[in-house]
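# Structural overview
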Amino acid sequence: MKFIADGMLGKLARWLRMLGQDVKYSTQLEDAELISVAEKEQRVLLTRDSELYKRAIAKGIDAFYVEGRTEAEKLAELAERFGFPLMIDLKRSRCPACNTTIQLTPKEKLAGKVEKNTFKYYSEFWKCPNCGNIYWQGAHWKGITATLEEAKKIKGS
Ligand SMILES: [Zn+2]
């Protein structure tokens, strides 16, 4: 399953990438371009714009109208509709910034590239081979897990 998200769904795109979904996202694409990329690359168009949604459906494009207010609500809707687990497996995660699959990277290779205490405290790091961003399950991880747990509850109800 591949997606393309409209310019209003940047945060959602980042979440979906962390969950391992292939999501194209750019704030530069006009509606017509979103539709043509969705068609050409067989991507499901995710949008919060009802006009765009109707245009896409009228052209036979697979589109999903995202209604949720919070990220947890949006993720719950999407997981329900597309049947992917609300669980992050970093082996499958994509870089939230650029959509490239991230790679577990030997710690030694990252010496000097992450803050000293972070380097000392954590043992597993992932690197994006495209943009070079480095990821680890740091302090923010609790918040990520909490949002996913909330999404699972919404989905279950
Ligand atoms: Zn990247």
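Preceding this section is the structure that the text describes.
We now turn to the structure provided with this report. The structure displayed is predicted, hence computed values, not measured ones.

## Some remarks on the packing of helix α4 (residues 71–82) against helix α6 (residues 141–156)
- The geometry of α4 relative to α6 is characterised by a closest axis approach of 8 Å and an angle of 55° between their N-to-C directions. The orientation of α4 with respect to α6, classified from their angle, is oblique. Note that α4 runs across α6; the crossing there is right-handed. Residues Ala72, Glu73, Leu75, Ala76, Ala79 and Glu80 of α4 touch α6, and the partners they reach there are Thr147, Leu148, Glu150, Ala151, Ile154 and Lys155.
- The class makeup of the residues in the contact of α4 with α6 is seven nonpolar, one polar and four charged.

## Some words on the packing of aromatic side chains
- Per the stated rule, a full pass over the model turns up six aromatic pairs.
- Between Phe64 and Phe82, the ring centres sit 5.6 Å apart and the planes meet at 70°, which makes this aromatic pair edge-to-face. Of this pair, Phe64 sits in strand β4 (residues 63–65) while Phe82 sits in helix α4, and the two are 18 residues apart along the sequence. With respect to class, Phe64 is no different from Phe82; both count as buried.
- With centroids separated by 5.9 Å and ring planes inclined at 55°, the aromatic side chains of Phe125 and Trp136 adopt a geometry described as tilted. Here Trp136 lies in the loop between β7 (134–135) and α6 and Phe125 lies in strand β6 (residues 125–127), a separation of eleven residues in the sequence.
- Owing to a relative accessible area of 0%, Phe125 belongs among the buried residues under this scheme.
- Put simply, the rings of Phe3, Phe64 and Phe82 pair up and form one aromatic cluster.
- Directly above the ring of Phe119 sits Lys107, whose terminal nitrogen or CZ lies 5.0 Å from the centroid.

Cut-offs and rules
Residues numbered from 1 in each chain as written. Predicted model: local features only at pLDDT ≥ 70, side-chain atom pairs only at ≥ 80, totals over all residues. Heavy atoms only, no water. Axes fitted to C-alpha atoms, helices over the stretch in contact; angles between N-to-C directions. Helix = DSSP H or I, 4+ residues; strand = E, 2+ residues; numbered from the N terminus. Parallel < 35°, antiparallel > 145°, perpendicular 65-115°, else oblique. Left-handed = near helix turned anticlockwise from the far one by under 90°. Contact = heavy atoms within 4.5 Å. Nonpolar A, V, L, I, M, F, W, Y, C, P; charged D, E, K, R; others polar. Phe/Tyr/Trp six-rings, centres within 6.5 Å; stacked < 30°, edge-to-face > 60°. Buried < 20%, exposed > 50% of the residue type's maximum accessible area, 1.4 Å probe, protein only. Lys NZ or Arg CZ within 6 Å of the ring centre and 35° of its normal.

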